[in-house]
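This is what each chain is made of:
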Amino acid sequence: MLRVLREGHAARRVARLPDVHAQSLLLELRDLAAARGERPLGPVARLLAYDEHNDSDLAETLETWLDTLGDVRAAAAALFIHPNTLRYRLRRLEEVSGLDIGDPEQRFAAMLQLRILAPR
């Protein structure tokens, strides 16, 4: 609990475990992955490499879109872009990474990798 609060994962100074359970679990999973030397693989690795090489933000686009449960308008608003720009970026990130954003398992795997193996 203290680690979650100390690292700024909660918007408060005092919390109970039920209040920060999800953030705590993610920190534990990050620790396990780091201890094992795990890195993003497959589509997420390709996307991160593309972003680094091309100074783009497709991984951030994907993460925001996933965080808004696929709501194009909400994701576009969070990124301060037009919904059509978001749709273009989603098509582009599928082309670049090979990720099928229509596949729930691929979306889940991408979200886990972005949250645990490549946190921002």
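Everything below is about the structure shown above.
Since we're looking at a predicted model, the values are computed, not measured.

Enquirer: For this particular structure, what's the right way to read helix α5 (residues 72-79)?
Expert: Residues three or four positions apart in an α-helix share a direction because the helix packs 3.6 residues into each turn. Of the residues making up α5, those classed as buried are Val 72, Ala 75, Ala 76 and Leu 79. Looking down the long axis of α5, one finds its buried residues gathered within 100° of arc, a one-sided arrangement. Sitting at the amino-terminal end of α5 is Asp 71, which places a side-chain oxygen 3.1 Å from the backbone nitrogen of Arg 73. Phe 80 lies just past α5 and shows a positive phi near 60°.

Enquirer: Any chance you could explain the packing of helix α4 (residues 58-67) against helix α7 (residues 104-117) here in plain terms?
Expert: Helix packing geometry: the angle between the two helix axes and the distance between the axes. Running from N to C, α4 and α7 point in directions that differ by 115°, and their axes come no closer than 10 Å. Here α4 runs over α7; the crossing is left-handed. From α4, Ala 59, Leu 62, Glu 63, Trp 65, Leu 66 and Asp 67 reach across to α7, where they touch Arg 107, Ala 110, Met 111, Leu 114 and Arg 115. Of the residues assigned to the contact of α4 with α7, the class counts are 7 nonpolar, no polar and 4 charged.

The rules behind each value
Residues numbered from 1 in each chain as written. Predicted model: local features only at pLDDT ≥ 70, side-chain atom pairs only at ≥ 80, totals over all residues. Heavy atoms only, no water. Buried < 20%, exposed > 50% of the residue type's maximum accessible area, 1.4 Å probe, protein only. Helix = DSSP H or I, 4+ residues; strand = E, 2+ residues; numbered from the N terminus. Arc of directions from axis to C-beta. Polar contact = N/O pair within 3.5 Å; in protein donor to acceptor, adjacent residues only side chain to side chain. Axes fitted to C-alpha atoms, helices over the stretch in contact; angles between N-to-C directions. Left-handed = near helix turned anticlockwise from the far one by under 90°. Contact = heavy atoms within 4.5 Å. Nonpolar A, V, L, I, M, F, W, Y, C, P; charged D, E, K, R; others polar.

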